[in-house]
Amino acid sequence: MSTSSGKPPIRMAQFGTKHAHARGVLSVMLADDEVEVTGVFEPDPERRIQLEMAGEKPWSEVNWYGDPSEFLDDPTITAVASEGSNAESLDHTDAIIDAGKHAFYDKPAGDDFGRFESIVARAKEKSLLVQMGYMFRYHDGFERILSWANSGVLGHVFSVRAHISTSIPNEYRAALAEFKGGVFYDLAGHVIDLVVYILGRPERVTSFMQNADKSGPPIPDNTLSVFEYDAALGFIDIAAMEAPPMARRFEVYGTEGSAIMEPYEPADTLRLCLREPKAGFPAGVSILKLEARPRYVKSLEAFVSDIRGEKQPDRSLDHELLVQETLLRATGRIE
C-alpha cells in the first residue's frame, strides 16, 4: 500500500463509537493515506446494529470487529483510537496500553485520576504515546496565541479567559449527569489544555457549578472555574444552553499586549494588540485572518509523526496528566 510519504501506513483500529467525536475521527483516519484503518469495535451490540443498518459513512466503510482481542492481540496494529463514551473510555484506553499500543484518547480522561496516572505510568514504561483528543491544539489561532504568550511577545501574561459554551438538547443532558461537573466535565478539557500550557498548574481552583435551565434533568449547566496563580488568573465559563451559533471566545492579556479570538470555530480573525512593535507586527491593533482548519486532521498527522519518531510529541505525558488533574480539581472530583 503506497502513501504520500513513501512509508508503510500506520495500522490503526478504533475502540468504541459513542464519543461525540467518534464519527469525525474515524472519517479523518479513513481519509489519511498514512493510516490503514483495520476495523472498529463497538461493545454495545444494539449500537453496532444501528450503525451498520443505517448504511451511512464512515460506518459503512469499515470492517467491524466481533471482539477487542482481534485488534488488541494483533502485533501488526500499532495504535488504537479510543472513541467510547465518557463512561467507557478509561476502560478502553487501559486495555489499549496494556496491549502495548499507542492510544489516541478522546477527551476527557475519565473521572478516576489514579487510574489515569497508572495508564500514563505504564505508557512511559513501554514508550507508548497517549495523545489526548483536545481539538484546538493544532488550530491556527490557538497556535499563534500560545506562541505569543510563551515567547514573551505579550509580556507577562496575567489573565486568560476561555468561553466554550454549547447547546445540548434535553434528551442528551442525562449523560452529563453521570459525572461531577456536568457540561464542564465534558468540555472544559479543550481549553484547560490551553490555559495550563500558558500558565502551568494553578495554585488554587475555585468553581461555581449552577443548574440554570430547569426544563430538563438537573445538571451543572452554567459553570465557571477560576484558576489562581501567583501573578495571574485564569477563567473558564461553560453553559449547556447557549443559543447557536455559540459565541466561543478566547482571550489572553499580558503587560505588553493582548490577543482575542471570537469565534474560534469556524476560525475567522484574531485581534492582536501590542504596546510596541514586536514579532513583525506594529504597535496598536492588528486584525489577522486565520486559516479555518478541519478538526482532527493535524492532530492525526502529529500522532502518526510521533509514532514514526519523526518528531517529539507536542504535549508531554506530564502535560496530559496536568490537564486531567486540573479538570478534576475544577469539578470537585479530587482535592
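The structure this text deals with has already been given above.
In this text, all values refer to a predicted model and were calculated from it rather than measured experimentally.

Considering the overall build of the protein
- The helix and strand inventory of the protein stands at 11 helices and 13 strands.
- Its C-alpha atoms give the protein a radius of gyration of 20 Å, within 12% of the compact-globule value 20 Å for 335 residues.
- Counting only residues that meet the buried cut, the protein has 53% of its 335 residues in that class.
- Taking the contacts inside the protein whose residues are at least 6 apart along the sequence as the reference set, 71% of them involve residues at least 24 apart.

Concerning the layout of surface pockets
- Its volume calculated, the largest pocket comes out at about 1,100 Å³.
- Along the wall of the largest pocket there are 37 residues; nearest its centre are Lys18, His19, Ala20, Tyr172 and Asp186.
- When contributions to the lining of the largest pocket are tallied by element, the ones reaching two or more residues are helix 1 (22-31), helix 2 (45-54), helix 7 (170-176) and helix 8 (183-187).
- Along the lines of polarity and charge, the residues of the lining of the largest pocket split into 18 nonpolar, nine polar and 10 charged.
- Its boundaries defined by the atoms lining it, the second largest pocket holds a volume of some 200 Å³.
- Taken together, the elements giving at least two residues each to the lining of the second largest pocket come down to helix 5 (113-126), strand 5 (130-132), helix 10 (297-307) and helix 11 (317-331).

Digging into the sheet that holds strand 4 (residues 102-105)
- Reading across from one edge, 2-1-3-4-5 is the order of the five strands in this open sheet, with parallel pairing throughout. Sheet topology places strand 2 (35-41) and strand 5 at the edges, where each strand pairs with a single neighbour. Geometrically, the sheet is characterised by an average inter-axis angle of 20° between neighbouring strands, direction not taken into account.
- The sheet contact formed by strand 4 and strand 5 spans three bridges and is parallel.

Considerations on the environment of leucine 176
- Tracing the chain through its elements places leucine 176 in helix 7.
- Counting along the chain gives 129 residues from leucine 176 to serine 305, while the straight-line C-alpha distance between them is 34 Å.
- The residues touching leucine 176, leaving out its near neighbours within four places in the chain, are Ile168, Gly182, Val183, Asp186 and Ile219.

Regarding the packing of aromatic side chains
- Under the counting rule described, the total for this entry stands at 12 aromatic pairs.
- Ring plane angle 15° and centroid distance 4.6 Å describe the contact between phenylalanine 179 and tyrosine 185, whose orientation is recorded as stacked. Take phenylalanine 179 and tyrosine 185: they sit in the same class, and that class is buried.
- Among the aromatic residues, those joined into a cluster by ring pairs are Phe15, Phe41, Tyr65 and Phe71.
- The residue whose ring lies beneath arginine 161 is phenylalanine 235, and the NZ or CZ to ring-centre distance is 5.6 Å.
- One Lys or Arg, arginine 315, reaches over the ring of tyrosine 197 and ends 4.1 Å from the middle of that ring.

Structural notes on the sheet that holds strand 8 (residues 222-228)
- In space, the eight strands of this open sheet follow the order 7-8-9-6-10-11-12-13, with mixed pairing throughout. Strands with a single pairing partner mark the edges of an open sheet, and in this sheet they are strand 7 (204-210) and strand 13 (284-289). Each adjacent strand pair in this sheet contributes to an overall mean axis angle of 10°, direction not counted.
- As defined by bridge partners, strand 10 (residues 249-254) adjoins strand 11 (residues 257-261) across four bridges and the pair is classed as antiparallel. Of the residues in strand 11, the one forming a bridge with tyrosine 253 is serine 258.
- Strands strand 6 (157-163), strand 8, strand 9 (233-239) and strand 10 of the sheet are contacted by helix 9 (residues 189-199), whose axis makes an angle of about 175° with strand 6.

Here we look at the side chain of arginine 248
- Structurally, the position occupied by arginine 248 is in the loop between strand 9 and strand 10.
- With a relative accessible area of 11%, arginine 248 lands in the buried category.
- A polar contact is formed between the side chain of arginine 248 and the backbone oxygen of serine 165, at a distance of 2.9 Å.

Some words on empty space enclosed by the protein
- Applying the stated rule across the entire model yields one cavity of 30 Å³ or more.
- Computed from the structure, the largest cavity encloses a volume of approximately 30 Å³.
- Lining the largest cavity we find Val25, Val28, Met29, Phe104, Tyr296 and Leu300.
- The class makeup of the residues in the lining of the largest cavity is six nonpolar, no polar and no charged.

Re the environment of isoleucine 145
- Mapped onto the secondary structure, isoleucine 145 falls in helix 6 (residues 140-151).
- With 105 residues separating them in the primary sequence, isoleucine 145 and phenylalanine 250 have C-alpha atoms 9.4 Å apart.
- In this structure isoleucine 145 touches Phe250, Val252, Ala259, Met261 and Leu270, once residues within four positions along its chain are discounted.

Here we look at the pattern of salt bridges
- A complete count under the given rule lists 34 salt bridges for this structure.
- A salt bridge links arginine 11 to glutamate 36, with the shortest nitrogen-to-oxygen separation between them at 3.4 Å. On the criterion of sequence distance, the pair formed by arginine 11 in strand 1 (residues 10-15) and glutamate 36 in strand 2 is long-range, its members being 25 residues apart.
- Bridged by salt links that share partners, the residues Asp91, Asp94, Asp98, Arg115 and Arg122 form one connected network.

Some points on the side chain of serine 85
- Take serine 85: it is sitting in the loop between strand 3 (79-82) and helix 4 (89-98).
- Setting aside anything within four residues of it in sequence, one finds serine 85 in contact with Lys18 and His19.

Criteria and thresholds
Counting restarts for each chain: residues are numbered from 1 in the order of the written sequence. Given that the model is predicted, a residue must reach a pLDDT of at least 70 before its local features are reported, and side-chain atom pairs must reach 80 or more before they are shown or counted; all residues, however, enter totals for whole chains, interfaces and linings. Based on all heavy atoms of the structure, the side-chain values leave hydrogens and waters out of the count. By definition, any uninterrupted DSSP run of H or I lasting at least four residues is a helix, any uninterrupted run of E lasting at least two residues is a strand, and each is numbered from the N terminus. Both definitions apply: the radius of gyration is a C-alpha atom measure, and the globule rule equals 2.2 Å times residues to the power 0.38. Between buried and exposed lies partly exposed: a residue is buried under 20% and exposed over 50% of the maximum accessible area for its type, with that area taken using a 1.4 Å probe on protein chains only. Throughout, a residue-residue contact means that at least one pair of heavy atoms, one from each residue, lies within 4.5 Å. Using a grid of 1 Å spacing that covers the protein atoms alone, one calls a set of points a cavity when a 1.4 Å probe fits there but cannot get out, and a pocket when the set is open and has protein on both sides within 12 Å along at least five of seven lines; lining residues are those with an atom within 4 Å of a point. Grid points are joined across faces, edges and corners, and a volume is the space filled by probe spheres set on the points. Polarity classes work like this: nonpolar for Ala, Val, Leu, Ile, Met, Phe, Trp, Tyr, Cys and Pro, charged for Asp, Glu, Lys and Arg, and polar for all others, with Gly in that last group. Strands pair, by our definition, only if DSSP identifies at least two bridges between them. All axes are obtained by fitting lines to C-alpha atoms, using only the stretch in contact for helices, and the reported angles, taken between N-to-C directions, cover 0 to 180 degrees. Any two rings among Phe, Tyr and Trp, with Trp reduced to its six-membered ring, count as a pair given centres within 6.5 Å; such a pair is stacked if its planes are under 30 degrees apart, edge-to-face if over 60, and tilted if neither. Only lysine NZ and arginine CZ atoms are considered, and such an atom sits over a ring when it is within 6 Å of the ring centre and within 35 degrees of the ring normal. N or O atoms closer than or at 3.5 Å make up a polar contact, with two conditions inside protein: a donor-capable atom paired with an acceptor-capable one, and, for residues adjacent in sequence, both atoms drawn from side chains. Just to be clear on terms, a salt bridge is a Lys or Arg side-chain nitrogen sitting within 4 Å of an Asp or Glu carboxyl oxygen.

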